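The residues making up each chain are set out below.
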Amino acid sequence: MSGPRRGRLVTIEGGEGAGKTTLQGGLERLARSGGREVVTCREPGGTHLGERLREALLGHDAEPPDRVAELLVFTAARAQLVSEVVRPALDRGAIVICDRYIDSTIAYQHHGRGIARADVDAANAVATGGLLPDLTVLLDLPPYEGLRRVGRVGDYLEREPLDFHRRVRAGYLAEAEQHPARWLVLDAVQPPEALAEAAWERIAALPAA
Ligand code: TYD
(Lines give C-alpha, C1' and ligand atoms only; values in the text may rest on other atoms or scores of the structure.)
Protein backbone atom coordinates (compact mmCIF):
# COMPACT_ATOMS: atom_id res chain seq x y z
CA MET A 1 0.00 0.00 0.00
CA SER A 2 1.51 3.31 -0.98
CA GLY A 3 0.91 6.29 1.28
CA PRO A 4 -1.47 6.48 4.23
CA ARG A 5 -4.88 4.90 3.80
CA ARG A 6 -7.82 7.19 4.42
CA GLY A 7 -10.67 4.69 4.39
CA ARG A 8 -11.17 1.42 6.19
CA LEU A 9 -11.36 -2.10 4.77
CA VAL A 10 -13.67 -4.51 6.58
CA THR A 11 -13.99 -8.09 5.31
CA ILE A 12 -16.59 -10.71 6.16
CA GLU A 13 -15.62 -14.38 6.11
CA GLY A 14 -17.22 -17.72 6.86
CA GLY A 15 -18.37 -21.00 5.40
CA GLU A 16 -21.41 -21.63 3.24
CA GLY A 17 -24.69 -20.29 4.61
CA ALA A 18 -23.14 -18.34 7.50
CA GLY A 19 -25.08 -15.14 6.71
CA LYS A 20 -22.34 -12.95 5.28
CA THR A 21 -24.64 -11.13 2.88
CA THR A 22 -27.14 -10.29 5.63
CA LEU A 23 -24.37 -8.98 7.88
CA GLN A 24 -22.97 -6.91 5.02
CA GLY A 25 -26.39 -5.28 4.54
CA GLY A 26 -26.72 -4.55 8.27
CA LEU A 27 -23.26 -3.00 8.45
CA GLU A 28 -23.88 -0.95 5.34
CA ARG A 29 -26.97 0.60 6.96
CA LEU A 30 -25.13 1.32 10.21
CA ALA A 31 -22.17 2.88 8.42
CA ARG A 32 -24.40 5.02 6.15
CA SER A 33 -26.34 6.35 9.13
CA GLY A 34 -22.99 7.63 10.42
CA GLY A 35 -22.63 9.69 7.22
CA ARG A 36 -19.67 7.77 5.77
CA GLU A 37 -19.37 6.72 2.16
CA VAL A 38 -19.80 2.95 2.12
CA VAL A 39 -18.74 0.66 -0.70
CA THR A 40 -19.82 -2.98 -0.65
CA CYS A 41 -18.42 -5.76 -2.77
CA ARG A 42 -18.30 -9.50 -3.01
CA GLU A 43 -15.72 -12.01 -4.13
CA PRO A 44 -15.32 -13.41 -6.60
CA GLY A 45 -16.98 -10.59 -8.51
CA GLY A 46 -17.61 -6.90 -8.08
CA THR A 47 -16.15 -5.95 -11.47
CA HIS A 48 -17.02 -6.87 -15.05
CA LEU A 49 -14.04 -9.20 -15.29
CA GLY A 50 -14.62 -10.56 -11.78
CA GLU A 51 -18.26 -11.43 -12.47
CA ARG A 52 -17.25 -13.23 -15.68
CA LEU A 53 -14.60 -15.18 -13.80
CA ARG A 54 -17.20 -15.99 -11.12
CA GLU A 55 -19.56 -17.35 -13.75
CA ALA A 56 -16.77 -19.37 -15.38
CA LEU A 57 -15.77 -20.87 -12.03
CA LEU A 58 -19.05 -21.19 -10.13
CA GLY A 59 -21.74 -21.18 -12.83
CA HIS A 60 -24.13 -24.10 -12.77
CA ASP A 61 -22.55 -25.90 -15.72
CA ALA A 62 -18.97 -25.36 -14.45
CA GLU A 63 -16.82 -28.42 -13.80
CA PRO A 64 -14.59 -28.49 -10.70
CA PRO A 65 -11.30 -26.92 -11.81
CA ASP A 66 -7.73 -27.94 -11.17
CA ARG A 67 -6.88 -26.62 -7.69
CA VAL A 68 -4.05 -24.37 -8.88
CA ALA A 69 -6.27 -22.94 -11.61
CA GLU A 70 -8.91 -22.36 -8.92
CA LEU A 71 -6.40 -20.46 -6.77
CA LEU A 72 -5.33 -18.29 -9.67
CA VAL A 73 -8.87 -17.49 -10.86
CA PHE A 74 -9.98 -16.39 -7.37
CA THR A 75 -6.90 -14.23 -7.00
CA ALA A 76 -7.20 -12.83 -10.53
CA ALA A 77 -10.72 -11.66 -9.72
CA ARG A 78 -9.33 -10.16 -6.49
CA ALA A 79 -6.58 -8.26 -8.31
CA GLN A 80 -9.16 -6.60 -10.56
CA LEU A 81 -11.43 -5.75 -7.61
CA VAL A 82 -8.60 -4.24 -5.56
CA SER A 83 -7.29 -2.03 -8.36
CA GLU A 84 -10.67 -1.03 -9.82
CA VAL A 85 -12.84 -0.70 -6.70
CA VAL A 86 -11.17 -1.16 -3.33
CA ARG A 87 -8.10 1.08 -3.54
CA PRO A 88 -9.93 4.02 -5.17
CA ALA A 89 -12.65 3.79 -2.50
CA LEU A 90 -10.10 3.69 0.32
CA ASP A 91 -8.31 6.67 -1.22
CA ARG A 92 -11.60 8.60 -1.12
CA GLY A 93 -11.96 7.77 2.59
CA ALA A 94 -14.80 5.24 2.21
CA ILE A 95 -15.55 2.26 4.39
CA VAL A 96 -15.27 -0.78 2.14
CA ILE A 97 -17.17 -3.87 3.29
CA CYS A 98 -16.16 -6.89 1.28
CA ASP A 99 -17.91 -10.28 1.37
CA ARG A 100 -14.83 -12.58 1.26
CA TYR A 101 -11.21 -11.56 0.62
CA ILE A 102 -7.72 -13.02 1.12
CA ASP A 103 -8.75 -15.19 4.07
CA SER A 104 -11.21 -17.15 1.91
CA THR A 105 -8.25 -18.22 -0.20
CA ILE A 106 -6.24 -19.15 2.90
CA ALA A 107 -9.18 -21.12 4.36
CA TYR A 108 -10.43 -22.83 1.17
CA GLN A 109 -7.33 -23.24 -1.00
CA HIS A 110 -4.73 -23.80 1.75
CA HIS A 111 -6.63 -25.39 4.64
CA GLY A 112 -9.32 -26.97 2.44
CA ARG A 113 -7.42 -28.04 -0.68
CA GLY A 114 -3.95 -28.39 0.80
CA ILE A 115 -2.11 -25.95 -1.50
CA ALA A 116 1.13 -24.84 0.18
CA ARG A 117 0.69 -21.81 2.39
CA ALA A 118 3.62 -20.02 0.73
CA ASP A 119 1.93 -20.34 -2.68
CA VAL A 120 -1.41 -19.04 -1.37
CA ASP A 121 0.31 -16.16 0.41
CA ALA A 122 2.26 -15.29 -2.74
CA ALA A 123 -0.88 -15.28 -4.90
CA ASN A 124 -2.73 -13.12 -2.36
CA ALA A 125 0.19 -10.71 -2.07
CA VAL A 126 0.50 -10.29 -5.83
CA ALA A 127 -3.26 -9.80 -6.20
CA THR A 128 -3.60 -7.20 -3.46
CA GLY A 129 -0.19 -5.55 -3.35
CA GLY A 130 -0.22 -6.49 0.33
CA LEU A 131 -3.45 -4.67 1.17
CA LEU A 132 -4.69 -6.18 4.45
CA PRO A 133 -8.14 -5.66 6.00
CA ASP A 134 -8.40 -3.38 9.04
CA LEU A 135 -10.93 -5.82 10.46
CA THR A 136 -12.10 -9.29 9.44
CA VAL A 137 -15.38 -10.56 10.85
CA LEU A 138 -15.69 -14.35 10.91
CA LEU A 139 -19.22 -15.71 11.02
CA ASP A 140 -18.54 -19.06 12.60
CA LEU A 141 -20.99 -21.92 12.09
CA PRO A 142 -20.75 -25.73 12.06
CA PRO A 143 -20.62 -26.75 8.38
CA TYR A 144 -23.62 -29.10 8.55
CA GLU A 145 -25.71 -26.18 9.83
CA GLY A 146 -24.48 -23.81 7.12
CA LEU A 147 -25.07 -26.32 4.33
CA ARG A 148 -28.53 -27.04 5.73
CA ARG A 149 -29.26 -23.30 5.68
CA VAL A 150 -28.12 -23.06 2.05
CA GLY A 151 -30.60 -25.84 1.34
CA ARG A 152 -29.59 -26.43 -2.26
CA VAL A 153 -26.86 -28.21 -4.11
CA GLY A 154 -25.33 -25.23 -5.87
CA ASP A 155 -21.76 -24.85 -7.10
CA TYR A 156 -19.10 -27.56 -6.87
CA LEU A 157 -17.72 -26.12 -3.63
CA GLU A 158 -21.03 -26.67 -1.87
CA ARG A 159 -20.84 -30.29 -3.04
CA GLU A 160 -17.47 -30.89 -1.38
CA PRO A 161 -17.60 -33.49 1.44
CA LEU A 162 -18.30 -32.31 4.97
CA ASP A 163 -14.64 -32.94 5.86
CA PHE A 164 -13.55 -30.26 3.39
CA HIS A 165 -15.90 -27.75 5.01
CA ARG A 166 -14.66 -28.80 8.46
CA ARG A 167 -11.06 -28.05 7.41
CA VAL A 168 -12.16 -24.66 6.07
CA ARG A 169 -13.84 -23.82 9.37
CA ALA A 170 -10.86 -25.00 11.44
CA GLY A 171 -8.57 -22.98 9.18
CA TYR A 172 -10.55 -19.81 9.70
CA LEU A 173 -10.54 -20.30 13.48
CA ALA A 174 -6.78 -20.92 13.48
CA GLU A 175 -6.16 -17.73 11.48
CA ALA A 176 -8.37 -15.73 13.83
CA GLU A 177 -6.59 -17.10 16.88
CA GLN A 178 -3.20 -16.15 15.45
CA HIS A 179 -4.19 -12.56 14.60
CA PRO A 180 -6.75 -11.47 17.22
CA ALA A 181 -6.15 -7.75 16.59
CA ARG A 182 -7.47 -8.07 13.01
CA TRP A 183 -10.21 -10.66 13.62
CA LEU A 184 -13.58 -10.70 15.31
CA VAL A 185 -15.16 -14.15 15.64
CA LEU A 186 -18.94 -14.20 16.00
CA ASP A 187 -21.21 -17.16 16.61
CA ALA A 188 -23.36 -17.06 13.48
CA VAL A 189 -26.41 -18.62 15.15
CA GLN A 190 -27.09 -15.23 16.81
CA PRO A 191 -29.87 -13.06 15.36
CA PRO A 192 -28.78 -10.79 12.47
CA GLU A 193 -29.25 -7.56 14.47
CA ALA A 194 -27.00 -8.82 17.30
CA LEU A 195 -24.31 -9.83 14.78
CA ALA A 196 -24.41 -6.44 13.06
CA GLU A 197 -24.23 -4.57 16.36
CA ALA A 198 -21.28 -6.62 17.61
CA ALA A 199 -19.39 -6.12 14.36
CA TRP A 200 -20.24 -2.42 14.21
CA GLU A 201 -18.89 -1.91 17.73
CA ARG A 202 -15.47 -3.15 16.56
CA ILE A 203 -15.61 -1.08 13.34
CA ALA A 204 -16.47 2.06 15.30
CA ALA A 205 -13.50 1.39 17.58
CA LEU A 206 -11.00 1.26 14.69
CA PRO A 207 -8.46 4.09 14.81
CA ALA A 208 -9.89 7.19 13.12
CA ALA A 209 -9.23 7.34 9.40
P1 TYD B 1 -19.79 -17.13 -2.21
O2 TYD B 1 -20.61 -16.79 -3.38
O3 TYD B 1 -19.45 -16.08 -1.22
O4 TYD B 1 -20.46 -18.34 -1.52
P5 TYD B 1 -21.59 -18.28 -0.45
O6 TYD B 1 -22.14 -16.90 -0.46
O7 TYD B 1 -22.53 -19.33 -1.01
O8 TYD B 1 -20.91 -18.66 0.81
O9 TYD B 1 -18.40 -17.74 -2.63
C10 TYD B 1 -18.35 -18.67 -3.59
C11 TYD B 1 -17.48 -19.84 -3.22
O12 TYD B 1 -16.11 -19.57 -3.54
C13 TYD B 1 -17.51 -20.25 -1.76
O14 TYD B 1 -17.74 -21.66 -1.71
C15 TYD B 1 -16.12 -19.98 -1.27
C16 TYD B 1 -15.27 -20.04 -2.51
N17 TYD B 1 -14.04 -19.21 -2.50
C18 TYD B 1 -12.80 -19.85 -2.44
O19 TYD B 1 -12.73 -21.09 -2.38
N20 TYD B 1 -11.68 -19.08 -2.44
C21 TYD B 1 -11.71 -17.72 -2.52
O22 TYD B 1 -10.65 -17.06 -2.54
C23 TYD B 1 -13.01 -17.08 -2.60
C24 TYD B 1 -13.11 -15.59 -2.69
C25 TYD B 1 -14.14 -17.87 -2.58
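In this report, the structure presented in the accompanying data block is examined. Fair warning: this is a prediction, and the values are worked out from it, not measured in the lab.

Here we take up the packing of helix α4 (residues 102-112) against helix α5 (residues 117-128). Remark: α4 packs on α5, axes separated minimally by 10 Å, with the N-to-C direction vectors making an angle of 155°. By the angle class used here, α4 and α5 are roughly antiparallel. Crossing of α4 over α5 shows right-handed handedness. For the pair α4 and α5, the contacting residues are I102, T105, I106, Q109, H110 and H111 in the first and R117, V120, D121, N124 and T128 in the second. For the contact of α4 with α5, the class distribution of residues is three nonpolar, six polar and two charged.

A few words now on helix α7 (residues 162-178). The end-to-end C-alpha distance of α7 is 24 Å, a good match for the 24 Å that 17 residues give at a rise of 1.5 Å each. All of the buried residues in α7 are F164, H165, V168, G171, Y172, E175 and A176. The buried residues of α7 occupy one face: seen down the axis, they fall within an arc of 130°. Residues of α7 that are exposed and point more than 90 degrees away from the buried face comprise E177 and Q178. Where the residues of α7 are buried, they touch β1 (8-14), α4, α5, β4 (135-140), α6 (143-150) and β5 (183-187).

Rules of the game
- Counting restarts for each chain: residues are numbered from 1 in the order of the written sequence.
- Totals for whole chains, interfaces and linings use all residues, but because this is a predicted model, local features are given only for residues with pLDDT of at least 70 and pairs of side-chain atoms are given and counted only at 80 or more.
- Side-chain descriptors were evaluated using all non-hydrogen atoms of the structure, hydrogens and water having been removed beforehand.
- For helices, the fitted axis covers only the stretch in contact; all axes are lines through C-alpha atoms, and the angles between them, taken along N-to-C directions, range from 0 to 180 degrees.
- The secondary structure listing takes helices from DSSP runs of H or I that are at least 4 residues long and strands from runs of E that are at least 2 residues long, numbered from the N terminus.
- Here is the rule for angles: anything less than 35 degrees is roughly parallel, anything more than 145 is roughly antiparallel, 65 through 115 is roughly perpendicular, and the remaining ranges are oblique.
- We call a crossing left-handed when the near helix sits turned anticlockwise from the far one by less than a right angle, and right-handed when that turn is clockwise.
- Note on contacts: a residue pair is in contact if any heavy atoms of the two residues lie within 4.5 Å.
- Throughout this entry, Asp, Glu, Lys and Arg are counted as charged residues, while Ala, Val, Leu, Ile, Met, Phe, Trp, Tyr, Cys and Pro are counted as nonpolar. The remaining residues, Gly among them, count as polar.
- Given a helix with a known number of residues, its expected span is that number minus one, times 1.5 Å.
- Relative accessibility under 20% of the residue-type maximum defines a buried residue, over 50% an exposed one, and the middle range a partly exposed one, all with a 1.4 Å probe and only protein chains included.
- Note that the arc is defined by the directions from the helix axis to the C-beta atoms.

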